[in-house]
Structure formats: structure tokens, C-alpha cells
Amino acid sequence: MNTLILKTTSRFLFTLLLLLSVFLLLRGHNEPGGGFIGALVAVGAYALFALAHGLSAARKLLPLPPLRLVGWGLLVALVSALVAFFVDKPLMTGVWFSLFGVKIGTPVIFDIGVYLTVFGALLSAIFGLEETADRTPEEAP
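Below is a short write-up of the structure. (Residues numbered from 1 in each chain as written. Predicted model: local features only at pLDDT ≥ 70, side-chain atom pairs only at ≥ 80, totals over all residues. Heavy atoms only, no water.)

Further remarks concern a nonpolar patch on the surface. Side chains of Trp72, Leu75, Leu78, Val79, Leu82, Phe85, Phe86, Leu91 and Met92 sit close together on the surface and give an oily, nonpolar patch of about 950 Å² of accessible area. Tracing the chain through its elements places Phe86 in helix H4 (residues 66–86). Residue Phe86 is classed as exposed on the basis of its relative accessible area of 65%. (Patch = residues over 30% accessible without salt bridge, like charges linked within 9 Å, V, L, I, M, F, W, Y side chains within 5 Å. Areas by Shrake-Rupley, 256 points an atom, 1.4 Å probe, with all protein chains shown as cover. Salt bridge = Lys/Arg side-chain N within 4 Å of Asp/Glu carboxyl O. Helix = DSSP H or I, 4+ residues; strand = E, 2+ residues; numbered from the N terminus. Buried < 20%, exposed > 50% of the residue type's maximum accessible area, 1.4 Å probe, protein only.)

In C-alpha cells form, the structure reads like this:
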């Protein structure tokens, strides 16, 4: 799509949706939601931006390739699950500690891992679908 209205509003909505996804991520560790729903909103923001400005512009906004985000997300979730194991508690038990005066718990870290995993996997699928849709019939396998 190449309309002026979509291009203009997508920049504003992109920022707003990313802020909403971070809010959902942080709110969700005590409420339903969290990493999964926050990642879905973030993927929606990137999909909207890719529709308005093109796939290459959306890829430039990412800090890492989407599949690498999946790997980092799985690693973060695994580390958060193993922390309880090292303090003689059952695996995946919530452990809270203070870092620079801020209380942080392993449930928040696990949600961040889920967020990165879901975000990377879905964004990879959406980017793949959009690349396929952009091919001409002669380029199709």
C-alpha cells in the first residue's frame, strides 16, 4: 500500500503500539498477558510499518534479525528458569532480587524471553510472507 494517510499515520502508530507492547509486557507479570500479548502488539506495529514503508525499511528498524531474536528469547527464558535451581528451589520458581535498588524477579525476565521469542518468530513469518507476496510470478519457484 502506498497511500499518504497510511505512511503518515503509521509512524505515529508504530511508536504508540511499541509503547503499548512494553506496557503490556511489564504489566503482565502480575496480570494475565505479559510477554506473549506484548509481542503480538509489537509484531502488529512492525507489520503496519512494513505495509506502509516497505519491508526493507521495517527491517532497518530491528536491532537484530528476527530469528536471532528467537534465539536470544529462548536463552533469556531458560536462564530465568534456571535461577531458582541455583538457589535450591524447584525449577521455574519465582526468585526476586535487587539490582541497583530496583526489585526484579525471574517472572519478569521469563516474560522478556517469551516476548523476544514470540516477536522474532512471528515477525520472521510475516516478513517471509511479505517477501513471497512481493515476488513476480516469474520469480516464484
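Further notes follow.
Two elements in contact, H4 and helix H5 (residues 106–134), have axes separated by 7 Å at closest approach and are oriented at 160 degrees. Regarding the angle of H4 to H5, the classification is roughly antiparallel. You can see that H4 and H5 cross each other, and the crossing is left-handed. Where H4 abuts H5, its residues Pro66, Leu67, Leu69, Val70, Gly73, Leu74, Val76, Ala77, Ser80 and Val83 lie against Thr106, Ile109, Phe110, Gly113, Leu116, Thr117, Phe119, Gly120, Ala121, Leu123, Ser124 and Phe127. In terms of residue class, the contact of H4 with H5 is built from 15 nonpolar, seven polar and no charged. (Axes fitted to C-alpha atoms, helices over the stretch in contact; angles between N-to-C directions. Parallel < 35°, antiparallel > 145°, perpendicular 65-115°, else oblique. Left-handed = near helix turned anticlockwise from the far one by under 90°. Contact = heavy atoms within 4.5 Å. Nonpolar A, V, L, I, M, F, W, Y, C, P; charged D, E, K, R; others polar.)

Before going further, it helps to spend a moment on the side chain of Thr117. Within the fold, Thr117 resides in helix H5. The exposure class of Thr117 is buried, given its relative accessible area of 19%. Every residue in contact with Thr117, bar those within four places of it in the chain, is listed here: Leu69, Val70, Gly73 and Leu74.

So, about the packing of aromatic side chains. Tallied over the full model, the rule gives five aromatic pairs. Centroid distance Tyr46 to Phe119: 5.4 Å. Interplanar angle 65 degrees. Geometry classified as edge-to-face. Separated by 73 residues along the polypeptide, Tyr46 in helix H2 (residues 35–53) and Phe119 in helix H5 bring together distant segments of the chain. For the pair formed by Tyr46 and Phe119, the shared burial category is buried. Arranged with centres 6.2 Å apart and planes meeting at 10 degrees, the rings of Tyr115 and Phe119 form a pair that is stacked. Here Phe119 and Tyr115 lie together in helix H5, a separation of four residues that amounts to about one turn. (Phe/Tyr/Trp six-rings, centres within 6.5 Å; stacked < 30°, edge-to-face > 60°.)

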